[in-house]
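A closer look at the structure
These are the residues of each chain, in order.
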Amino acid sequence: MTGLPRDTRHLDVVINTLTGSEITASLDRLARLRIEVFREYPYLYDGDIGYELRYLREFATAPESVLVTVSDGEKLVGAATASPMWAQKPEIRGPLEQRGIDTVNLFYFGGNILLPGYRGRGIGHIFLDRQEEWALRCGAQSACFVTPIRPVNDPDRSPAYRPHHAFWNKRGYAPISGLKCVISWKALGEQEESAKQMQYWMREF
């Protein structure tokens, strides 16, 4: 598919939209960026490069996947992914299907990440613009993502953490009441993976 801007200069960074083999060529840098960013709250992910590369190869080979990258010179500083929901693992797709939600015409946004020094520049809006435009071109009628569920008074919460709920609401996304999934990863301080509850957010186009 073509039609989306592929190379955009924005506030001293370059934003690219990648597909197919272009995604595959970026997997190592993307895996390392994900480990770095998801180490922050609320994920507190104790990342493993081998696990990340296996996950990302599945994403890269899924039909109609897209990767939006943000680069500062040779350094990858941000990324956003999107692919059809029907291509996701059962633990992501299953709760939606059990609720009776159509997953054939639904896109999944798998993670929008940006290093701290590049936040607050409007790049988050560009990420969603590119993801939504791509999803629409692929025939999607809605899009969703999941976020970690954390207690209000979580002792692990960083003082610097600012939730993105207002931003997502402004973009038309809302949590689906009572709809959760479970994803396992190894968090900081854990000896092995444990299950974490995730909340679905969705927007219809």
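Our structure's up above, just so we're on the same page.
In this report, we go over the structure that sits alongside the text. This one's a predicted model, so the numbers in the text were calculated from it and none came from an experiment. (Residues numbered from 1 in each chain as written. Predicted model: local features only at pLDDT ≥ 70, side-chain atom pairs only at ≥ 80, totals over all residues. Heavy atoms only, no water.)

Focus on the packing of aromatic side chains
Our working rule: Ring pairs shown here join Phe, Tyr and Trp side chains whose ring centres sit within 6.5 Å, with only the six-membered ring taken for Trp; geometry is labelled stacked below 30 degrees between planes, edge-to-face above 60, and tilted in between. To qualify as a helix, a DSSP run of H or I must reach at least 4 residues; to qualify as a strand, a run of E must reach at least 2; elements of each kind are numbered from the N terminus. Exposure classes here rest on a 1.4 Å probe applied to the protein chains alone. A residue is buried below 20% of its type maximum, exposed above 50%, and partly exposed in between.
Taken as a whole and assessed by the stated rule, the structure comprises seven aromatic pairs. Geometrically, the ring pair formed by phenylalanine 145 and tryptophan 168 is tilted, given 5.0 Å between the ring centres and 55° between the ring planes. Here phenylalanine 145 is found in strand β6 (residues 142–148), whereas its partner tryptophan 168 is found in helix α6 (residues 165–170), with 23 residues between them in sequence. Tryptophan 168 shares its class with phenylalanine 145; the two are buried. An angle of 50° between the planes, with centres 5.4 Å apart, marks the rings of phenylalanine 145 and tyrosine 173 as tilted. Taken together, the residues span a long stretch of sequence, with phenylalanine 145 in strand β6 and tyrosine 173 in the loop between α6 and β7 (174–185) at a distance of 28 residues.

Details of the layout of surface pockets
Stated precisely, the cut-off is as follows: Put simply, the grid is 1 Å and covers the protein atoms alone, a cavity is a trapped set of points that fit a 1.4 Å probe, a pocket is an open set with protein on both sides within 12 Å along at least five of seven lines, and lining residues have an atom within 4 Å of a point. Grid points are joined across faces, edges and corners, and a volume is the space filled by probe spheres set on the points. The classification used treats Ala, Val, Leu, Ile, Met, Phe, Trp, Tyr, Cys and Pro as nonpolar, Asp, Glu, Lys and Arg as charged, and all other residues, Gly among them, as polar.
Reported here for the second largest pocket is a volume of approximately 150 Å³. Lining the second largest pocket are 15 residues; nearest its centre among them are Tyr43, Arg150, Ala187, Glu190 and Lys196. Of all the elements, strand β8 (residues 194–204) adds the most residues to the lining of the second largest pocket, at four residues. For the lining of the second largest pocket, the residue count by class is nine nonpolar, two polar and four charged.

Digging into helix α4 (residues 90–98)
Within α4, the full set of buried residues consists of Ile92, Arg93, Gly94, Pro95 and Leu96. One or two residues past the end of α4 sits glycine 100, with phi positive at roughly 85°.

Focus on the pairing of strand β4 (residues 75–84)
The test is simple: Note: two strands are recorded as paired if DSSP finds a minimum of 2 bridges between them.
Burial analysis of β4 places nine of its ten residues in the buried class, the great majority of the element. The pairing of strand β3 (residues 66–72) with β4 spans seven bridges and is classified as antiparallel. If you follow aspartate 72 over to β4, its bridge partner there is lysine 75. The hairpin turn running from β3 into β4, its antiparallel successor, is two residues long, and glycine 73 in that turn takes a positive phi close to 65°. With seven bridges joining them, β4 and strand β5 (residues 106–114) adopt antiparallel strand pairing. Bridged to alanine 80 within β5 is asparagine 112.

A look at the pattern of salt bridges
Here is the rule: What counts as a salt bridge is simple: a side-chain nitrogen of Lys or Arg found within 4 Å of a carboxyl oxygen of Asp or Glu.
Within this structure, the stated rule accounts for eleven salt bridges. With its nearest N and O atoms 2.8 Å apart, the salt bridge here joins aspartate 129 to arginine 171. Linking aspartate 129 in helix α5 (residues 123–137) with arginine 171 in the loop between α6 and β7, this pair joins segments that are 42 residues apart in sequence. By relative accessible area, which is 33% here, aspartate 129 ends up partly exposed. Each of Asp129, Glu132, Arg171 and Arg203 takes part in a single network of salt bridges with overlapping partners.

Remarks on helix α2 (residues 27–38)
The cut-off we apply is this: To estimate how far a helix should extend, the number of its residues minus one is multiplied by 1.5 Å. By definition, residues are in contact when any of their heavy atoms lie within 4.5 Å.
Under the 1.5 Å per step criterion, the end-to-end length of α2 is 16 Å for twelve residues, consistent within 8% with the ideal 16 Å. Restricting attention to buried positions, one finds in α2 the residues Leu27, Leu30, Ala31, Leu33, Arg34, Ile35, Val37 and Phe38. The inward-facing, buried residues of α2 contact α1 (21–24), α3 (49–61), β3, β4 and β5.

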